[in-house]
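Observations on the model geometry
Chain by chain, the residues run as shown.
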Amino acid sequence: MQSKLTWEAVELKVKAFLAIALVIVIVLSAFYAVWQAYDKSSSAPVERDVLFQIAAFNTFSLGNYAGYMNYSELKTHGDFGIGTLEGLDGEMIAVDGVFYHIPAEGEPREIAPEEKAPYATVTFFEADYTFNVAELNYTEFKAFCDQKLSSKNAIYAIKVVGFYDYAQTRSPPKQTPPYPILTEAIKNQSVFNLANVSATAAGFWFPSSMDGVDYVGYHLHLITDDRSAGGHLLDCIIKNATVEIDEIHSYNLILP
Ligand SMILES: [Zn+2]
């Protein structure tokens, strides 16, 4: 009798222990599931179909050339875009995740992560439309694109990869404080006349509704395939090229 009672007591204790253990396992599993979901949401990638810009164009162009975002951070918001460096030091073009500086002296170089931008527009480029073009000057090219931009209210990222009979580019020299306004600063810009080059032009078209926030219309920068030259595109004659267009409906502006 004595030994039977003890056995029942032990059995009861084991059952109670198993029940408590089961509850603990269920509670811990629930916590783990919630933590996993939270962790996934907090490490989710940056939204890719967004135009990310630092500084409104009209603020920047009044002489606000002090850099305030590292290129390492800028890169987390896009792999494609245009801009400049601290002190309006030349032109920036980003193609396929590589950010280049085209100085007034001419030869492009890769931008280091710790360098800063006072103004830049970037996005993750994913083409929505692709066209082939041939024998177009810059005016004809813009007219061609005008017909392809389906909404005059969206922003478009534009990439033109091909052969150029001619491309005229510019790059301003680095300015020192007190900074002059943009129209003054570019009076002593370098102008490059490039003939017969394979190159990529990259940039944006902004709607007139965003006048002042950015540069309305077409704003493209260019870099040659051999990375020997480039700059802000002033004029060109396209021999043949592939035009890729990425339509963008979201906009993230970081104010200085
Ligand atoms: Zn430019």
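Now for a description of the structure that goes with this document. (Residues numbered from 1 in each chain as written. Predicted model: local features only at pLDDT ≥ 70, side-chain atom pairs only at ≥ 80, totals over all residues. Heavy atoms only, no water.)

What follows concerns the pattern of salt bridges. Evaluated as defined, the whole model comprises 6 salt bridges. R48 is the partner of E126 in a salt bridge, and the nearest nitrogen-oxygen pair spans 2.8 Å. Within this pair, whereas E126 is found in the loop between β8 (120–123) and β9 (129–137), its partner R48 is found in the loop between α1 (2–42) and β1 (50–54), the two being separated by 78 residues in sequence. You can call R48 partly exposed: its relative accessible area is 39%. With a shortest N-O distance of 3.0 Å, E91 and R170 are connected by a salt bridge. Within this pair, whereas E91 is found in strand β4 (residues 91–95), its partner R170 is found in strand β10 (residues 155–171), the two being separated by 79 residues in sequence. (Salt bridge = Lys/Arg side-chain N within 4 Å of Asp/Glu carboxyl O. Helix = DSSP H or I, 4+ residues; strand = E, 2+ residues; numbered from the N terminus. Buried < 20%, exposed > 50% of the residue type's maximum accessible area, 1.4 Å probe, protein only.)

In the first shell of the zinc ion, the protein supplies H219 (NE2), H221 (NE2) and H232 (ND1), at 2.0 to 2.1 Å from the metal. Counting along the primary sequence, the residues that act as donors to the zinc ion give the motif H-x1-H-x10-H. Of this pair, H221 sits in strand β12 (residues 217–224) while H232 sits in strand β13 (residues 230–248), and the two are 11 residues apart along the sequence. Each member of the pair, H221 as well as H232, is classed as buried. (Donors = N, O, S within 2.8 Å, 3.2 Å for Na, K, Ca; no water.)

Let us look at the side chain of H101. Positionally, H101 belongs in strand β5 (residues 98–102). A polar side-chain atom of H101 sits 2.8 Å from the main-chain carbonyl oxygen of D89. In this view, H101 contacts L85, D89, G90, E91, E107, P108, R109 and I111; residues no more than four positions away in its chain are not counted. (Polar contact = N/O pair within 3.5 Å; in protein donor to acceptor, adjacent residues only side chain to side chain. Contact = heavy atoms within 4.5 Å.)

As a further point, take the layout of surface pockets. Size it by volume and the largest pocket reaches roughly 170 Å³. Lining the largest pocket are 16 residues, and of these F60, R170, L182, H219 and H232 sit closest to its centre. Among the secondary structure elements, those contributing two or more residues to the lining of the largest pocket are α2 (57–60) and β12. Tallied by class, residues from the lining of the largest pocket come to 8 nonpolar, 6 polar and 2 charged. (1 Å grid on protein atoms, 1.4 Å probe; cavity = no way out; pocket = protein on both sides within 12 Å on 5 of 7 lines; lining within 4 Å. Points joined across faces, edges and corners; volume = space filled by probe spheres on them. Nonpolar A, V, L, I, M, F, W, Y, C, P; charged D, E, K, R; others polar.)

Turning our attention to the pairing of β10. Taking burial as the measure, the 17 residues of β10 include 12 buried ones, the bulk of the element. Relative to β13, β10 is paired through 15 bridges, and the arrangement is antiparallel. Within β13, the position partnered with R170 by the bridge is H232. Here β10 pairs with strand β11 (residues 190–206) via 15 bridges, running antiparallel. If you follow Y166 over to β11, its bridge partner there is A195. (Pairing = 2+ DSSP bridges.)

Bringing empty space enclosed by the protein into the picture now. If you walk through the whole model with that rule in mind, you get 1 cavity of 30 Å³ or more. Lining of the largest cavity is provided by I82, Y119, T121, F204, F206, D214, Y215 and H219. Split into classes, the residues belonging to the lining of the largest cavity amount to 5 nonpolar, 2 polar and 1 charged.

With respect to the helices, strands and loops of the structure, Q175 is situated in the loop between β10 and α5 (182–185). Leaving out residues up to four positions away in the same chain, Q175 has contacts with Y65, G87, L88, P180, A185 and N188. Within the structure, the side chain of Q175 is placed 2.7 Å from the backbone oxygen of P173, a separation counted as a polar contact.

The values reported here are purely geometric and, on their own, carry no functional implication.
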